[in-house]
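Remarks on the overall topology
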Amino acid sequence: MNAIEIKQLRKEYKDRVAVDDLTFNIKEGEFFALLGFNGAGKTTTIKMLTGLLKPTSGDALVFGKSIITDMNSIKEYINISPQETAIAPNLTVFENLVFIAEIYGFKKEIAKTKANLLLEQFKLTDRKNDKSKKLSGGLKRRLSIAMSLITNPKIIFLDEPTLGLDVRSRRELWHILNELKGNVTVILTTHYLDEVEALSDSIAIIDKGNLKAIGSLDELKKQSGLEKLEDIFLTLIESEEVLWRH
Ligand SMILES: Nc1ncnc2c1ncn2[C@@H]1O[C@H](COP(=O)(O)OP(=O)(O)OP(=O)(O)O)[C@@H](O)[C@H]1O
Ligand SMILES: [Mg+2]
């Protein structure tokens, strides 16, 4: 079953087309990597799929519901860890988690229990009572992802979750993300291709708002005759004509 069906989705700004009639599907439970250079349209796509930005035209169905007409019910089962984090700087780490859980309607006690579990899972317990603005960039990213999971979403969008994380934190995060596999549909954007190779079931490569390729890593390798994702990525984006679809 498809978790998301993107249909001719388009976003135009005054002087440019950020997302150019994108069409592709994301299967339920899949770990899906959305790749592209800076400015390719990844964040814009994610913002449209999560209701933060209105498409110029086109639509997407999230579990069969339209982002144009049914965003309110879609919001119940999705969540996002945005590229610019959504952390309240003057709340503590714990308070940020409890606050988000309460926004989504959980009672205080349940919100606290959930917050404590996520602190453990994300190894943030020792920073529980620190003001969030005192966290390093990497720890903020971890908190932001923990916040996006507090509602037990069926789909999470992670926009460059590992940006600025050190090697160990990145590996720890991979571990957490790997455990989500199968239960939660994860849509990830990243510029670190090693994590795409390690984690993703499917990969879409976009360039200037256009889909250039979609498929599993093995499919992309077969279609391109290349071994490394980095080579596939660079070759594909440099050649204007190629479009691989499975
Ligand atoms: N508010 C805006 N007004 C005008 N243009 C915008 C706006 N937001 C984004 N854009 C443009 O839309 C295009 C796509 O931007 P987007 O943020 O989606 O790229 P991205 O793939 O997420 O890039 P990055 O890897 O740098 O995060 C870019 O050319 C960007 O400059
Ligand atoms: Mg972006």
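For the structure, check the block above.
About the cut-offs
Per chain, residue numbering runs from 1 following the sequence as it is written. Following the order in which they are written, the chains are lettered starting with A and the ligands numbered starting with 1. Local features are withheld for residues below a pLDDT of 70 in this predicted model, meaning they are given only at 70 or higher, and side-chain atom pairs are given and counted only at 80 or more; totals for whole chains, interfaces and linings count all residues. Values shown for side chains rest on all heavy atoms present in the structure; no hydrogens or waters enter the calculation. Here a helix means four or more residues in a row that DSSP labels H or I, a strand means two or more in a row labelled E, and each is numbered from the N terminus. Atoms counted for the radius of gyration: C-alpha only. Globule rule: 2.2 Å times the number of residues to the power 0.38. When accessible area is computed with a 1.4 Å probe and restricted to protein chains, residues below 20% of their type maximum are described as buried, those above 50% as exposed, and intermediate ones as partly exposed. Any two residues whose heavy atoms approach within 4.5 Å at even a single point are treated as in contact. The Shrake-Rupley method, run with a 1.4 Å probe, gives the accessible areas here. Residue values count only the displayed protein chains as cover. As used throughout, the charge tally considers Lys and Arg to be positive and Asp and Glu to be negative, leaving His and the chain termini uncounted. By convention, charge coordinates are those of NZ in Lys, CZ in Arg, CG in Asp, or CD in Glu. Two aromatic rings from Phe, Tyr or Trp, using only the six-membered ring of Trp, form a pair when their centres are within 6.5 Å; if the ring planes differ by under 30 degrees the pair is stacked, by over 60 it is edge-to-face, and anything between is tilted. In our convention, an over-ring charge means Lys NZ or Arg CZ found within 6 Å of a ring centre and within 35 degrees of that ring's normal. Helix axes use the C-alpha atoms of the stretch in contact, all axes being lines fitted to C-alpha atoms, and the angles between their N-to-C directions lie in the range 0 to 180 degrees. For this classification, under 35 degrees means roughly parallel, over 145 means roughly antiparallel, 65 to 115 means roughly perpendicular, and everything else is oblique. Crossings are sorted by hand: turned counterclockwise from the far helix by less than a right angle, the near helix makes the crossing left-handed, and turned clockwise it makes it right-handed. Under the grouping applied here, Gly and all other residues not named as nonpolar or charged are polar, the nonpolar ones being Ala, Val, Leu, Ile, Met, Phe, Trp, Tyr, Cys and Pro and the charged ones Asp, Glu, Lys and Arg. Pairs of N or O atoms within 3.5 Å make up the polar contacts considered here, provided that, within protein, one atom can donate a hydrogen while the other can accept it, and that residues adjacent in sequence are counted only when both atoms are side-chain atoms. At least two bridges found by DSSP between two strands are what make those strands a pair.

**Some remarks on the overall build of the chain**
A count of helices and strands for the chain gives nine helices and ten strands. A compact globule built from 246 residues should have a C-alpha radius of gyration of about 18 Å, and the chain, at 18 Å, falls within 12% of that. The 246 residues of the chain split such that 51% are buried. Counting contacts in the chain only where the partners sit at least 6 residues apart, residues at least 24 apart contribute 66% of the total. For the chain, the exposed area adds up to about 11,800 Å²; of that, 50% sits on carbon and sulfur atoms. Distance between charge centres in the chain, computed from 35 positive and 35 negative side chains, equals 6 Å.

**Quick word on helix α1 (residues 42-49)**
Counted residue by residue, α1 has seven buried out of eight residues, so it is predominantly covered. Where α1 ends, the next residue or the one after it, Gly-51, has phi of about 80 degrees, a positive value.

**Digging into the packing of aromatic side chains**
What describes a pair of aromatic rings is the distance from one ring centre to the other and the angle between the planes of the rings. Counted according to the given criterion, the structure contains three aromatic pairs. Considering the side-chain rings of Phe-24 and Phe-32, the 5.5 Å spacing of their centres and the 5 degrees angle between planes classify their relative orientation as stacked. Pairing Phe-63 with Tyr-77 gives two aromatic rings, centres 5.4 Å apart and planes at 75 degrees, and the pair type is edge-to-face. Pair noted here: Phe-63 is in the loop between β4 (57-62) and β5 (65-66) and Tyr-77 is in the loop between α2 (71-74) and β6 (78-81), with a separation of 14 residues, a long-range link. Exposure class is identical for Phe-63 and Tyr-77. Each is buried. We note Lys-154 situated over the ring of Phe-63; from NZ or CZ to the ring centre the distance is 4.6 Å. One residue, Lys-154, lies across the ring of Tyr-77, its end atom 5.5 Å from the ring centre.

**As for the packing of helix α3 (residues 93-103) against helix α4 (residues 108-121)**
The relative placement of two packed helices comes down to the angle between their axes together with the axis-to-axis distance. The contact between α3 and α4 brings their axes to 8 Å, and the two run at 130 degrees. When the axes of α3 and α4 are compared, the pair comes out oblique. By crossing handedness, the relation of α3 to α4 is classed as right-handed. Where α3 approaches α4, its residues Val-93, Phe-94, Leu-97, Val-98, Ala-101 and Glu-102 are matched on the opposing element by Lys-108, Ala-111, Lys-112, Ala-115, Asn-116, Leu-118 and Leu-119. Among the residues making up the contact of α3 with α4, the classes are represented as nine nonpolar, one polar and three charged.

**Remarks on the side chain of Thr-190**
Tracing the backbone through its elements, the reader meets Thr-190 in the loop between β8 (185-189) and α7 (193-199). There is a polar contact of 2.9 Å between the side chain of Thr-190 and the backbone nitrogen of Tyr-192.

**So, the pairing of β8**
Among the five residues of β8, five are classified as buried, and the element is accordingly described as predominantly covered. Of the two faces of β8, the one holding Thr-185, Ile-187 and Thr-189 and the one holding Val-186 and Leu-188 are both buried throughout. One ladder, built from four bridges, connects strand β3 (residues 31-35) with β8; its direction is parallel. Among the inter-strand pairings, Leu-34 is bridged to a residue of β8, identified as Thr-189.

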